[in-house]
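Coordinate analysis (summary)
Each chain, written out:
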Amino acid sequence: MKRIDLDAYFLKMLDLVASRSTCARRAVAAILTDGAGCVLATGYNGVPRGMPHCIDMPCPGADQPSGMGLDLCEAIHAEQNALLQCHRLDLARVLYCSVVPCYPCAKLIVNTQIHKVVVKEDYAAAHWDRTLKIFRWRNLHILMDNMFWSYEKDAWVSNDAVTGSAL
């Protein structure tokens, strides 16, 4: 039996973390690890502690399409929760996330020592340009489905097409 690599391992773990989500619109998870691949924190999207869960009492943003009406949504994003719950944020190097982070989350991420973001799927196009701009500024590596985002080509590129990559 072949052992899966750390990226595949944590991407699978995201489903378990997301199962704790209390958002009626979408279940999202985030996992922060250090440079050795040890988990520092997990997070999922949901309303602040003490508020009624959106799955029980939908918030004003519950019926909005994914990526839209974020100002109506009462949930704290998975990435935000992982950052808030991380006891040693100075050690965080990799963020695993269900989707490409939105722009407000991207701003928080680039203000840390995280250098790689690995995602399961893309996110709403409305946020991609701004998220990409701030990630490019910080030269963060973004990976998804055996591909990485090439800032030079402005597109997803297969890892198989690259030899000697620093990723």
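Before reading on, note that the structure itself is shown above.
In what follows, the accompanying structure is described. The structure displayed is predicted, hence computed values, not measured ones.

About the thresholds
All residue numbers here refer to positions counted from 1 along the written sequence of the relevant chain. Reporting in this predicted model follows two pLDDT cut-offs: at least 70 for local features of residues, and 80 or more for side-chain atom pairs to be given and counted; totals over whole chains, interfaces and linings ignore these cut-offs and use all residues. Water and hydrogen atoms play no part in the side-chain values, which are based on all heavy atoms of the structure. The pairing criterion for strands is at least two bridges between them, as found by DSSP. Only runs of H or I of at least four residues qualify as helices and only runs of E of at least two qualify as strands under DSSP, and these elements are numbered from the N terminus. Stacked, tilted and edge-to-face pairs are distinguished by plane angle, under 30 degrees for stacked and over 60 for edge-to-face with tilted covering the rest, among Phe, Tyr and Trp rings (Trp via its six-membered ring) whose centres lie within 6.5 Å. Remark: exposure states derive from per-residue accessible area (1.4 Å probe, protein chains only) relative to the maximum for the residue type, with buried under 20%, exposed over 50%, and partly exposed in between. Every residue pair with non-hydrogen atoms within 4.5 Å of one another is taken to be in contact. The pocket and cavity definitions rest on a 1 Å grid over protein atoms only: a 1.4 Å probe that fits but cannot leave marks a cavity, an open set with protein on both sides within 12 Å along at least five of seven lines marks a pocket, and residues lining either have an atom within 4 Å of a point. Grid points are joined across faces, edges and corners, and a volume is the space filled by probe spheres set on the points. Gly is placed with the polar residues, together with every amino acid not listed as nonpolar (Ala, Val, Leu, Ile, Met, Phe, Trp, Tyr, Cys and Pro) or charged (Asp, Glu, Lys and Arg). Expected span of a helix, by definition, is 1.5 Å for each gap between consecutive residues, and there is one gap fewer than residues. The arc in question is formed by the directions pointing from the helix axis toward the C-beta atoms. Polar contact criterion, stated in full: a pair of N or O atoms within 3.5 Å, where within protein one must be able to donate a hydrogen and the other to accept it, and residues adjacent in sequence count only if both atoms are side-chain atoms.

**Some points on the pairing of strand E5 (residues 141–144)**
With 4 bridges connecting them, strand E4 (residues 116–121) and E5 associate as parallel partners. Residue pairing across strands places Val119 opposite Met144, the latter belonging to E5. Where E5 lies against strand E6 (residues 147–150), 2 bridges are found, and the strand directions are antiparallel. Paired with Met144 across the two strands is Met147, which belongs to E6. What sits between the antiparallel neighbours E5 and E6 is a turn of 2 residues, in which Asp145 has the positive phi angle 50°.

**Quick notes on the packing of aromatic side chains**
Overall, the coordinates contain 2 aromatic pairs when judged by the stated rule. With a centroid separation of 4.9 Å and 65° between ring planes, the pair formed by Tyr9 and Phe10 is classed as edge-to-face. By relative accessible area, which is 41% here, Tyr9 ends up partly exposed. Ring geometry for Phe10 against Tyr96: centres 4.9 Å apart, planes inclined by 35°, an arrangement best described as tilted. With Phe10 in helix H1 (residues 6–18) and Tyr96 in strand E3 (residues 94–99), the pair connects residues that are 86 residues apart, well separated along the chain. Each member of the pair, Phe10 as well as Tyr96, carries the same accessibility label: buried. Members of the aromatic cluster, each reached through a chain of ring pairs, are Tyr9, Phe10 and Tyr96.

**Observations regarding helix H2 (residues 78–85)**
The set of residues buried in H2 consists of Ala78, Glu79, Asn81, Ala82 and Leu83. Each element contacted by the buried residues of H2 is listed here: strand E1 (29–33), strand E2 (39–44), E3 and helix H3 (103–109).

**Here's the deal with the layout of surface pockets**
Roughly 270 Å³ of volume is contained in the largest pocket. Of all the elements, H2 adds the most residues to the lining of the largest pocket, at 3 residues. Here the residues of the lining of the largest pocket sort into 6 nonpolar, 6 polar and 2 charged.

**A few points about H1**
Compared with an ideal rise of 1.5 Å per residue, which puts 13 residues at 18 Å, H1 spans 18 Å between its outermost C-alpha atoms and is within 8% of the ideal. For H1, the complete set of buried residues consists of Asp7, Phe10, Leu11, Leu14, Val17 and Ala18. The buried residues of H1 occupy an angular sector of 110° when projected down its axis, which confines them to one face. Seen from the buried face of H1, the exposed residues on the opposite side, beyond 90 degrees, are Lys12 and Leu16. Of the surrounding secondary structure, the elements contacted by the buried residues of H1 are E1, E2, E3, E4 and E5. Regarding H1, its N-cap is Asp5, as a side-chain oxygen of that residue lies 3.2 Å from the backbone nitrogen of Asp7 further along.

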